[in-house]
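Secondary and tertiary structure notes
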Amino acid sequence: MTAGPTTRFAPAPTGYLHLGHLVNAIHVWGIARARGGAVVLRIEDHDRGRSRPEYEAALLDDLDWLGLEVDRGSTTEFRVGSSPLRQSDNATRYHAALDSLRSAGHQLYGCDCSRKDLAREGGDEPDHHTCYGGRCRDRGLEPGPGVGIRLVIENRPESFTDLIRGPQRQRPALQCGDPLLRDRLGNWTYQFCVVVDDLEQGVDLIIRGEDLLESTGRQLMLARMLGRAAPPRFAHHSLIRHPDGAKLSKANHDTSLRELRAAGQTAADLLGRAANLAGLMPDARPLAPGALAPLFRAPLRFEHTML
Ligand code: GLU
């Protein structure tokens, strides 16, 4: 146990790590080390259709090469076999979380809506931000093959202070509607897995990119419904972008760590480049993993509100 916060680095093995992941890693390790905290490595392979063992193997190698040491969930542990920190090894825990929602009196229901159905309902946001209007709430569908599971949520706002972005107020019922916990194909969803895992693993500081800021209200609500007493704190950092403004993605081979490494860049070169792109250093000089903490010695902009 550490006196400082417990945070996590939680990549999905759906592609190779790129500079965007490295920016996240710099924040995660830098903030944890500067605050005497711990870093948990979690493999977020909940999406069984897109996750690949070879991507997991590659990301473990990349972390070792970068010299980023984790406090729980070592790369060796993942290589050896099953781990409580790998989502695909944790179906039992997700089933138990469903049971605990049921026994706390929360309402779950089967949903067989396809993306097309959702679009017809008028949800106009892409992917996981589609607002679900409750089409299946009263249809009495039994969850099973072809039928996912949703949770009825209250229409109330969630407020929190992001340590970087300041006070936030979100209304999950209007943003996303009843969240999907398991999809029609049997995949546990991102929203459900992260909340169950963060609670189970004692993660109390979540440091991630601003693209996930909108998910935070629903995750806070879900955590409370699962019985989490003290909510985690959140710090959503800016994302780095291509010069044309596009978000970096696993499809951008130009920024994949292994290609940059194959082109002769050292780990320190890449850490320095990512820290510079993230605005944490005025230049891109090489940076050792041990030198990340000094980048975060000063409190984050809204960190004082949480003391
Ligand atoms: N697994 C997510 C990703 O790779 C991160 C999830 C999170 O930090 O909540 O983008």
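Residues numbered from 1 in each chain as written. Predicted model: local features only at pLDDT ≥ 70, side-chain atom pairs only at ≥ 80, totals over all residues. Heavy atoms only, no water.

A look at the site of the ligand
Near the ligand, the surroundings consist of Arg8, Ala10, Pro11, Ala12, Glu44, Tyr190, Val194, Arg208 and Leu212. One of the side-chain nitrogen or oxygen atoms of arginine 208 is found 2.9 Å away from an oxygen atom of the ligand. In the complex, 77% of the free accessible area of the ligand, which totals 300 Å², lies under the protein chains. Here the shell around the ligand is composed, by residue class, of six nonpolar, no polar and three charged. (Near = heavy atom within 4 Å. Polar contact = N/O pair within 3.5 Å; in protein donor to acceptor, adjacent residues only side chain to side chain. Areas by Shrake-Rupley, 256 points an atom, 1.4 Å probe, with all protein chains shown as cover. Nonpolar A, V, L, I, M, F, W, Y, C, P; charged D, E, K, R; others polar.)

Notes on the pairing of strand 5 (residues 158-162)
Side chains Glu158, Phe160 and Asp162 project from strand 5 onto a buried face, and the interleaved Ser159 and Thr161 project onto a face without burial. Pairing of strand 5 with strand 6 (residues 166-170) involves five bridges; the strand directions are antiparallel. When the sheet's bridge partners are listed, serine 159 is paired in strand 6 with arginine 169. Taking the residues between adjacent antiparallel strands as the criterion, strand 5 and strand 6 are bridged by three residues. (Buried < 20%, exposed > 50% of the residue type's maximum accessible area, 1.4 Å probe, protein only. Helix = DSSP H or I, 4+ residues; strand = E, 2+ residues; numbered from the N terminus. Pairing = 2+ DSSP bridges.)

With respect to the sheet that holds strand 7 (residues 180-182)
If you trace the three strands from one edge of the open sheet to the other, you get 3-4-7, paired in antiparallel fashion. The sheet is open, and its two borders are formed by strand 3 (108-111) and strand 7, each paired with just one other strand. Between one strand axis and the next, the sheet turns by 40° as a mean value, whatever way the strands run. In this structure, strand 3 lies alongside strand 4 (residues 148-151), joined through four bridges in antiparallel fashion. Bridge pairing links glycine 110 to isoleucine 149 in strand 4. (Axes fitted to C-alpha atoms, helices over the stretch in contact; angles between N-to-C directions.)

Quick notes on the packing of aromatic side chains
Two aromatic rings, taken as a pair, are described by how far apart their centres are and by the angle between their planes. Enumeration according to the criterion identifies six aromatic pairs in this entry. Ring centres of tyrosine 16 and tyrosine 55 lie 5.0 Å apart, and the angle between their planes is 85°; on these two criteria the pair is classed as edge-to-face. With tyrosine 16 in the loop between strand 1 (6-9) and helix 1 (19-34) and tyrosine 55 in helix 2 (residues 53-66), this residue pair connects regions lying 39 residues apart in the sequence. Exposure remark for tyrosine 16: the relative accessible area of 28% places this residue in the partly exposed category. Between tryptophan 188 and phenylalanine 192 the ring centres are 5.8 Å apart and the planes differ by 35°, which places this aromatic pair in the tilted class. Each member of the pair, tryptophan 188 together with phenylalanine 192, is buried. (Phe/Tyr/Trp six-rings, centres within 6.5 Å; stacked < 30°, edge-to-face > 60°.)

Examining the side chain of aspartate 198
Along the chain, aspartate 198 falls in helix 7 (residues 190-200). We classify aspartate 198 as buried; its relative accessible area is 3%.

Focus on the packing of helix 1 against helix 10 (residues 267-277)
Interaxial distance between helix 1 and helix 10 falls to 9 Å at its minimum, and their mutual angle equals 85°. The pairing of helix 1 with helix 10 is recorded here as roughly perpendicular in orientation. Seen from helix 1, the contacting residues are Leu19, Leu22, Val23 and Ile26; seen from helix 10, they are Leu270, Leu271, Arg273, Ala274, Ala275 and Leu277. Here the residues of the contact of helix 1 with helix 10 are counted per class, giving nine nonpolar, no polar and one charged. (Parallel < 35°, antiparallel > 145°, perpendicular 65-115°, else oblique. Contact = heavy atoms within 4.5 Å.)

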